[in-house]
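# Structure at a glance
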Amino acid sequence: MTQPLKTSLGANIAALRKARGLTQEQLAAQLGVSAPAVSKWETCSSCPDITLLCPLARALGASVDQLLAFEPTLSDREVVAEVNRVMETALAPDGGAAAAESQLQALLHRYPGCTALQFNAAAVYDSLTLFSAPLDETARTRYQQAKRALLEEVRRSGGAAYWQSATVQLASMAAAEGDAARAEALLDQLPETAGDPTAVRVQLCLQKGQPEEALKLAQKTLYQSLVKVEGCMVNLMDARLLPAPDRARKACRAYRAVAKTFGLPDMSDGMLMEYCLQASDLDGAAAAFARYVDVLTAPPAMPDPDLFSPGVDCTPAPQALQAVPAPWRQLLVQSLTGEEKYRPLFAKPVFAAALEKLKASV
């Protein structure tokens, strides 16, 4: 876990001093300071004067970078770990969105040039919007502005790994805000697909005697492709694209088949409930809703490890976690109990029992 500078500096001074076999008094004598001053550095009560950093590093047989535990940037794995800690703060009973936002800002200020961190931090603001429901308009606007600023910074960095995704997200934000011209201008900047090099890279890894790397690459690419497929299926379930109920239900079934086969999240019953309701199929709507609640209140679905591990993290989620956060479930309860179109479902015992289960989970 990333430590504050004062804490890591004090620990480094103590560790390096002991490794050199020096007492606090001996180190103090070499630097021309008092032993209590060294003690205060090591206990983090104070920091050495900047003019002492080079002499201190020399006395301890280290560079200033080593002394300060300087890290130019974070690895992708470290970024994921740090972002997960921010999300743990957001979900903790004694944490919340405000504490998580402060934690995230401190992290961004410590690593201002880390593109991977900036890209992932933009996604955190989406999560904070969800976890903070009901969210006042001032906070919502602040989160959106922070997300946009981070994505713009990612684009300015020119990093190929994140540039296209940042561009797509900014275009999506512009479209959601009704700025079609801006959205189209951003999308027009995206390069045309030149083909997927994964198959060639996999073969190259095998030729170099790296079957584990080849497996990871193939699994990551498969997972990313399936996420895109699920996104396309969600689009197809939009009644504006497939207004015919039978075709919409077929899209739901296809979505469910993909999710079940590969161990991915399946939220299709939420849409299926709506289609059944539109068709006056109350029994079907009630049954779909009951399955939907089971998914919402269960631990998050994890990818099938037989297909995706070690390329993708398939670690089972703790039983205490649920597929969607409590604020989102609360909003769903409010919608179901407040909208007239759901009233006919209340007479169905299956629906009523599922609704009580959903309320109890909030």
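- Per an unreviewed UniProt entry, the protein chain goes by the name Helix-turn-helix domain-containing protein and belongs to Candidatus Faecalibacterium faecipullorum.

## Quick look at the pattern of salt bridges
- All told, the structure shown has 17 salt bridges when counted by the stated rule.
- The salt bridge partner of Asp126 is Lys147, with a shortest N-O separation of 2.9 Å. Of the two residues, Asp126 sits in helix α8 (residues 115-131) while Lys147 sits in helix α9 (residues 137-157), which places them 21 residues apart along the sequence.
- Exposure remark for Lys147: the relative accessible area of 8% places this residue in the buried category.
- A salt bridge links Asp281 to Arg249, with the nearest nitrogen and oxygen atoms 3.8 Å apart. Of this pair, Asp281 sits in the loop between α15 (268-278) and α16 (282-297) while Arg249 sits in helix α14 (residues 245-262); the two residues are 32 residues apart in sequence, bridging distant segments of the chain.

## Some words on helix α13 (residues 211-236)
- The end-to-end C-alpha distance of α13 is 37 Å, a good match for the 38 Å that 26 residues give at a rise of 1.5 Å each.
- Looking at the buried residues of α13, the elements they touch are α12 (198-207), α14 and α17 (305-308).

## A look at the packing of aromatic side chains
- Evaluated as defined, the whole model comprises 6 aromatic pairs.
- Each ring, one from Phe346 and one from Phe351, has its centre 5.4 Å from the other, and the planes form 55°; the classification is tilted.
- By relative accessible area, Phe351 is classed as buried at 0%.
- Aromatic ring contacts, followed pair by pair, group Tyr223, Phe262 and Phe308 into a single cluster.

## Considerations on the side chain of Thr198
- Take Thr198: it is sitting in helix α12.
- Here the side chain of Thr198 touches Thr221 through a polar contact of 3.2 Å, side chain to side chain.
- The residues touching Thr198, leaving out its near neighbours within four places in the chain, are Leu217 and Thr221.

## Brief notes about the packing of helix α6 (residues 76-91) against α8
- Between α6 and α8, the least distance of the axes is 10 Å, while the angle of their chain directions is 20°. The angle between α6 and α8 places the two elements in the roughly parallel class. In this structure, the crossing between α6 and α8 has a hand that is right-handed. Contact with α6, carried on its side by Asp76, Val79, Val83, Val86, Met87, Ala90 and Leu91, involves Ala116, Leu117, Asn120, Val124, Ser127, Leu128 and Phe131 of α8 and no other residues of that element.
- Its residues placed into classes, the contact of α6 with α8 shows 11 nonpolar, 2 polar and 1 charged.

## Description of helix α7 (residues 97-110)
- Between its first and last C-alpha atoms α7 spans 20 Å; for 14 residues at 1.5 Å apiece the expected length is 20 Å, and the two agree.
- Listed in full, the buried residues belonging to α7 are Ala97, Ala100, Glu101, Leu104, Leu107 and Leu108. Around the axis of α7, the buried residues are gathered within 125° of arc, so they sit on the same side. Exposed and facing more than 90 degrees away from the buried side of α7 are Ala98 and His109.
- Elements in contact with the buried residues of α7: α6, α8 and α9.

Cut-off values and rules
Residues numbered from 1 in each chain as written. Predicted model: local features only at pLDDT ≥ 70, side-chain atom pairs only at ≥ 80, totals over all residues. Heavy atoms only, no water. Salt bridge = Lys/Arg side-chain N within 4 Å of Asp/Glu carboxyl O. Helix = DSSP H or I, 4+ residues; strand = E, 2+ residues; numbered from the N terminus. Buried < 20%, exposed > 50% of the residue type's maximum accessible area, 1.4 Å probe, protein only. Expected span 1.5 Å × (residues − 1). Contact = heavy atoms within 4.5 Å. Phe/Tyr/Trp six-rings, centres within 6.5 Å; stacked < 30°, edge-to-face > 60°. Polar contact = N/O pair within 3.5 Å; in protein donor to acceptor, adjacent residues only side chain to side chain. Axes fitted to C-alpha atoms, helices over the stretch in contact; angles between N-to-C directions. Parallel < 35°, antiparallel > 145°, perpendicular 65-115°, else oblique. Left-handed = near helix turned anticlockwise from the far one by under 90°. Nonpolar A, V, L, I, M, F, W, Y, C, P; charged D, E, K, R; others polar. Arc of directions from axis to C-beta.

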